[in-house]
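Architecture at a glance
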Amino acid sequence: MAKISLKDINKVYGDKFHAIRDLTFHIEDGEFMVFVGPSGCGKSTALRMIAGLEKITSGELRIGDEIVNDVDPKDRDIAMVFQSYALYPHKTVRENIAFPLQMAGIPRDERARRVTNAARVLELTDHLDRKPGQLSGGQRQRVAMGRAIVRQPKAFLMDEPLSNLDAKLRVQMRAEIASLQRRLGVTTIYVTHDQVEAMTMGDRVAVLKAGVLQQVDTPQILYARPRNIFVAAFIGSPSMNLYEATLDGELLVLGEQTLKVPSSVFAARPAIRESANRPVIVGIRPEDIDDASVTTKPEFEEIDAPVSLVEALGAETMVHLKIDAPWVDAGDPDAVAEIGDEHTAVGRFSPATSVRPGDTARLAISADSLHFFDPETRVSLW
Amino acid sequence: MKEPTFVALMLSPAAVFLGLLVAYPVVLLIWNSFYEVDLVNPAGRVWIGLENYADALTSRRIRESASRTLQYASFALLFEFLFGFCAALLFAAIAENSRWHRTIFALPIMVPPIVAGLLWRFLLVGDIGILNHWLAGIGVISDPGAIRWLSDTDLVIYSVAFADIWLTTSFVALVSYAGLTNIPKDLIEAARMDGANALKRFWHVTLPLMRPVIAVIVIVRGVDAAKTFDLIWIQTQGGPRQASEVFSMNIYQRMVRYGDLGEASASATLFLIVMVLLAAFAYWKIWKPAHG
Amino acid sequence: MAERSTFDMGRTIVQALALLLVLSFAVPYVYLVMTSLKPAAHVQQIPPSFLPNRISVENYLTVINTQSMPRAFLSSVAVAVLTTILSLALSVPAAYVAAQYRRPITVFFLLFALITRMVPAVSLGVPLFQLLKSLGLLDTTFGLVLAHTSAAVPLVLLLLAAFFDGLPKEMEEAARMDGCSRFQAFLYIVVPVMKSGIAISALFAFITSWNEFLYALLLTSQNSKTAPIVIAEFNSVYGLSWGPMTAAAVLYSLPVVLVTLVLQKQIIGGLTFGAVKG
Ligand SMILES: Nc1ncnc2c1ncn2[C@@H]1O[C@H](COP(=O)(O)OP(=O)(O)OP(=O)(O)O)[C@@H](O)[C@H]1O
Ligand SMILES: [Mg+2]
């Protein structure tokens, strides 16, 4: 077990492609850190540099107190779980799990004891003598976990270990991995492109985009105070609705309509305190939009918007709304795909709503939860 | 261990070996080709520059053996391809039922060339060759002595190719069959929906998709056929009167029988260059575009 | 209904054609086996008969009782086995890095192997003769093994590279995370995982050596002659004694033919691998 710290880490593939740029952060001993970001943003690359499978172009990587830039993976004492599991097809489950111990030169009976333990924890006891080919996807995933937990490494690295499982199993394993990690207390870095996984599992979450670290924080802070519009849109599902607007005194002008921003907001955020006719990007989370006629929100501002689509999910109703203000692209390809190219806003209405497509809904906006960003730098205004 | 070191270490035994037993001999070969040098007494060598090449390029026997090689290779390749591809199409047509056919058809595939040569010599030779007796039996020829396969100087270069055709048609057939089964079914189906008849489907869908496979077959088989030695050697030793002496055999004869190492090396160098160029050309022209 | 029957007719014709084709390719070899089982005196009778009128092992006994033939077979086996071992020892590591560590040097190396595959044996024969002579390896088993290995390596290397291409890079990476050096990962994980591909390549190396003629002709004279050379010489030494010759040919080829029939799928797989995968 050890802390891991990265300082100005860069990765350039073949002199041209800058996959990771000046990555700097620190992971505490025993912490569960999640790397999240859209496909191709460099999560795997970062993880593989920590593993030692990818050469670090420049920068300084420490595991414990030692600089390990040039240390071979086998000497880093780190365990890794691969997306494809990378189980050894010619070895039984028992041999697969025992292999790292064997390489570490651990005596036979000690090995057997530890394999038995790991198998019990992962409920693999009945399958120890099978080959990976004879296991289900979920069981294979457990064997991959077993190979990692059987020794007590300084850290676990996991690269999208659940992405090959079906949705239900994924949710179950998510909880199991998180609780296992807490029990073992081993420093863990977990890569995923699923922000729900990131938010539910991580002590802290690092959001990456195009090789650049956007923000590292606890899930709560990421959600409440995203540093820029990319993090704002990436964290939370459905995505935060982002529009160009103008702040004029205490009024937010959104297209033709206006909202009054509570003074508490200005008190907390000096950056927008005294602005006149200031262009901003406003962010409204779907959960901060409700049907004004049935809402239970204590305080809200009201605006009108035509309804284009209604999806009743039972506990809540997703309503797609046409907000008449310029829509802002946060640069997250998944978010665009999710809402389609109509650029509608999404509101998370209480199920009591009776709006129908074609109606014009009266919206209840929690104005104290609005997010503001600078349209030039796209950075949050606080 | 650093990655480049590891790669170098893993690669080096094979690289050193090939360097020593292929690259070095090639250098030696080219070196020899500039000398007048005798197999019996290789130490007494005299530098004669390009004279060996000049001799090789002007010798009638060499020219004839080269054109014979071309005849042999194109004849063999043509029929191997014709039979092999038709067999593959037949197998594909009866699909699942072709398991046994393919197994039996694979029989010659690994037969030693020397055995194939012997066998075909036995089938074709003089009075005891059973082929002529059969042909006479069904009335194709008047009597079993009517065609003298291996002693007719005009015919022999084609007759010796029978063994080659027998030996490698299976290779062509089975490789083509694998290629055919790799063509996605829905492509053929789509063409059928578009109203293409069987011939059109074959021409516009199957054949273009088979292009890389055909290219590989033509390259591999063409080069191998042009290199043939053992198969012909065992049947005729190049006779009668050099009528079946192909290029490789000509080189061998001049080296071993006449001991003229220098001149043989010059031809061998030319042979090597032509083979490699041919392969490179085929690679760039046929294989590459199909993959680009 | 009418359409149905023409369809069936077409099918039957195709089936019959396929059968005819297949049989016509099998018949020559069957005839060889049949001839070898005839009494020596019947082998060259005119007109020839396809089937022996009496089964006899006379020809086989003649072959086995010669001095040269059993020795040549042993020599063939020894050369082929050693060639297989040496070829694999050289090719497996090289093919692995060539397939899994794409970089200019490995690409260049594969290209070199590809070119080597095209070089005519007759061109290399004499310089090899000179080389082995200067090393004192002419007419020795080891000398012939070196020559055969030089022919087998390019072939086996390309085949193995195609197999290793299909191996996920994560196999090695997982092993390295589990505490292996690159070399241990190769030895403990990669090689066992790829054992069926390596076995097929071994078979190809063996057959390459077993079937090879020209190098054996050039590089051996007394001590280490292999079976094909002795069979070819049978021809001249004993006049045209077709009977024993067919028996020797059967003995020499039957193992390969049987292996081909039994392992048909794997062998075809090996032959078609490069071609179809591209
Ligand atoms: N070996 C390589 N050579 C060149 N570019 C590479 C290499 N490996 C990755 N890249 C590039 O680096 C970028 C980051 O890749 P990486 O695999 O780290 O993405 P990722 O965040 O893990 O994405 P995903 O969620 O799809 O796994 C990608 O644009 C990728 O194309
Ligand atoms: Mg990845």
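Residues numbered from 1 in each chain as written. Chains lettered and ligands numbered in written order. Predicted model: local features only at pLDDT ≥ 70, side-chain atom pairs only at ≥ 80, totals over all residues.

**Some thoughts on the overall build of chain C**
For clarity, the threshold we go by: In this description a helix means any DSSP run of H or I spanning at least four residues, a strand means any run of E spanning at least two, and both kinds are numbered starting from the N terminus. Each radius of gyration reported is based on C-alpha atoms, and the globular scaling rule is 2.2 Å times the count of residues to the power 0.38. Here exposure depends only on C-beta density: within 10 Å of a residue's C-beta, 20 or more other C-beta atoms make it buried, 12 or fewer make it exposed, and intermediate numbers make it partly exposed, the C-beta atoms being placed from the backbone. By definition, residues are in contact whenever their C-beta atoms, placed on the basis of the backbone, come within 7 Å of each other.
If you tally the helices and strands in chain C, you get 14 helices and 0 strands. Taken from the N to the C terminus, the helices and strands of chain C come in the order α-α-α-α-α-α-α-α-α-α-α-α-α-α. Taken over the C-alpha trace, chain C has a radius of gyration of 24 Å; the compact-globule value for 278 residues is 19 Å, which it surpasses by more than 25%. Each principal axis of the C-alpha atoms in chain C carries an extent, and together these give about 75 × 70 × 35 Å. The 278 residues of chain C split such that 52% are buried. Residue pairs in contact within chain C that sit at least 24 positions apart in sequence constitute 74% of those at least 6 positions apart.

**Topic: the overall build of chain A**
Along the backbone of chain A there are 10 helices and 20 strands. Projecting the C-alpha coordinates of chain A onto the three principal axes gives extents of approximately 75 × 45 × 35 Å. For chain A, the proportion of its 382 residues judged to be buried stands at 43%.

**As for the sheet that holds strand 7 (residues 155–159) of chain A**
What links the strands of a sheet is backbone hydrogen bonding, and the strands pair in either a parallel or an antiparallel sense. All names here are of chain A. Going by this rule: Here a strand pair is declared whenever DSSP counts at least two bridges between the two strands. All axes here are fitted lines through C-alpha atoms, helices being fitted over the stretch that makes contact, and every angle between N-to-C directions spans 0 to 180 degrees.
Taken in spatial order, the 6 strands of this open sheet run 6-7-8-3-9-10, and their pairing is mixed. Where the open sheet ends on each side, the last strands, each with one partner, are strand 6 (78–81) and strand 10 (212–217). Direction aside, neighbouring strands of the sheet carry axes that sit 15° apart on average. The sheet contact formed by strand 9 (residues 204–209) and strand 10 spans 5 bridges and is antiparallel. The residue bridging K209 from the neighbouring strand is V212, located in strand 10.

**A few points about the pairing of strand 2 (residues 17–27) of chain A**
Side chains on a regular strand alternate between the two faces of the sheet. Residues and elements named next belong to chain A. Relative to strand 2, strand 1 (residues 4–13) is paired through 7 bridges, and the arrangement is antiparallel. Counterpart to Y13 in the pairing with strand 2 is F17. Counting the residues between successive antiparallel strands, the hairpin from strand 1 to strand 2 contains 3 residues, one of them, G14, with a positive phi of roughly 50°.

**With respect to the packing of helix 4 (residues 68–100) of chain C against helix 7 (residues 141–165) of chain C**
All names here are of chain C. Just so we agree on the cut-off: Note on convention: the crossing is left-handed when the near helix lies turned anticlockwise from the far helix by less than a right angle, right-handed when the turn is clockwise. Throughout, the ten residues Ala, Val, Leu, Ile, Met, Phe, Trp, Tyr, Cys and Pro are labelled nonpolar, Asp, Glu, Lys and Arg are labelled charged, and all others, Gly among them, are labelled polar.
The N-to-C vectors of helix 4 and helix 7 enclose an angle of 40°; their axes lie 6 Å apart at closest approach. Considering only the axes of helix 4 and helix 7, their crossing is right-handed. Each residue belonging to the contact of helix 4 with helix 7 can be placed in one class, and the counts come to 20 nonpolar, 8 polar and 1 charged.

**What to know about unusual backbone geometry**
All names here are of chain A. Residue P238 is reached from S237 by a cis peptide bond, and omega for that bond is -5°. Positive phi is not limited to glycine here, since E123 has a value of about 55°. You can see E123 is positioned in the loop between helix 3 (108–121) and helix 4 (137–149).

**What to know about the interface of chain C and chain A**
Listed by partner, the interface residues are 14 residues for chain C and 19 residues for chain A. Elements that contribute at least two residues to the side of chain C that touches chain A include exactly helix 8 (170–177) and helix 9 (182–193) of chain C. No other element matches helix 8 of chain C, which puts 6 residues into the side of chain C that touches chain A.

**As for the site of ligand 1**
Residues and elements named next belong to chain A. Quick note on the threshold: For each residue, a C-beta atom is placed from the backbone, and the residue counts as near a molecule or strand when that atom lies within 6 Å of it.
Around ligand 1 sit 13 residues in total, of which Y13, S39, K43, S44 and T45 are the nearest. Going through the elements one at a time, strand 2 and helix 1 (43–51) are the ones with two or more residues in the shell around ligand 1. If you tally residues by element for the shell around ligand 1, the top one is helix 1, at 3 residues. Class assignment of the residues belonging to the shell around ligand 1 gives a composition of 4 nonpolar, 8 polar and 1 charged.

**Some points on the pairing of strand 18 (residues 345–349) of chain A**
Residue and element names in this part refer to chain A. With respect to burial, strand 18 is a largely interior element, 4 of its 5 residues being buried. Across 5 bridges, strand 17 (residues 317–321) lies against strand 18 in antiparallel orientation. Bridge pairing in strand 18 links T317 to F349.

**A look at the sheet that holds strand 11 (residues 241–248) of chain A**
Residues and elements named next belong to chain A. Across the sheet, 5 strands lie side by side as 13-12-11-14-20; this open sheet has antiparallel pairing. Looking at which strands have only one partner, the edges of the open sheet turn out to be strand 13 (257–260) and strand 20 (371–373). With direction set aside, neighbouring strand axes in the sheet form an average angle of 40°. Pairing of strand 11 with strand 14 (residues 278–284), which is carried by 7 bridges, proceeds in the antiparallel orientation. Residue pairing in the sheet places L242 in a bridge with G283 of strand 14.

**Let's talk about the packing of helix 7 of chain C against helix 10 (residues 195–211) of chain C**
All names here are of chain C. What counts here: For classification purposes, angles smaller than 35 degrees are called roughly parallel, those larger than 145 roughly antiparallel, those between 65 and 115 roughly perpendicular, and all remaining angles oblique.
Packing of helix 7 against helix 10 brings their axes to within 9 Å, and their N-to-C directions diverge by 155°. In this view, helix 7 runs roughly antiparallel relative to helix 10, as classed from their interaxial angle. Of the two elements, helix 7 crosses helix 10, and the hand of that crossing is right-handed. Packed against helix 7, whose contacting residues are H148, A151, A152, L155, V156, L159, L160 and F163, the element helix 10 presents G197, S201, F204, A205, T208 and S209 at the interface. Here the residues of the contact of helix 7 with helix 10 sort into 9 nonpolar, 5 polar and no charged.

**Looking at the nonpolar core**
Using the following cut-off: For this analysis, nonpolar core means a set of buried Ala, Val, Leu, Ile, Met, Phe, Trp, Tyr and Cys residues linked through C-beta atoms within 7 Å.
With 289 residues, the main nonpolar core has L157 of chain A together with L157, L219, I231 and A249 of chain C as its most contacted residues. When residues in this core are grouped by element, the largest group, 15 residues, is from helix 7 of chain C. Contact partners of L157 of chain C, with chain neighbours within four places excluded, come to A14 of chain B together with S91, A94, A95 and A113 of chain C.

**Examining the environment of V274 of chain B**
Structurally, the position occupied by V274 of chain B is in helix 13 (residues 261–291). For the pair V274 of chain B and V223 of chain B, spaced 51 residues apart in sequence, the C-alpha to C-alpha distance is 9.9 Å.

**A look at the interface of chain B and chain C**
Across the boundary between the two partners, chain B contributes 77 residues, which contact 75 residues of chain C. With 15 residues, the single largest contributor to the side of chain B that touches chain C is helix 1 (residues 3–32) of chain B. Taken together, the residues of the side of chain B that touches chain C sort by class into 63 nonpolar, 11 polar and 3 charged.

**Thoughts on the confidence of the model for chain A**
In plain terms, the rule: Summary of the metric used: pLDDT quantifies the predictor's per-residue confidence within the range 0 to 100.
Residue-level pLDDT values for chain A average 91, and 97% of them are 70 or greater. Of all helices and strands in chain A, the one with the weakest mean pLDDT is helix 10 (residues 333–339) of chain A (56), whereas strand 3 (residues 32–36) of chain A scores best (96).

**Here we look at the environment of K43 of chain A**
Residue and element names in this part refer to chain A. You can see K43 is positioned in helix 1. Residues K43 and V207 lie 164 residues apart in sequence; the distance between their C-alpha atoms is 9.1 Å. If sequence neighbours within four positions are ignored, K43 has contacts with F35, G37, V191 and L208.

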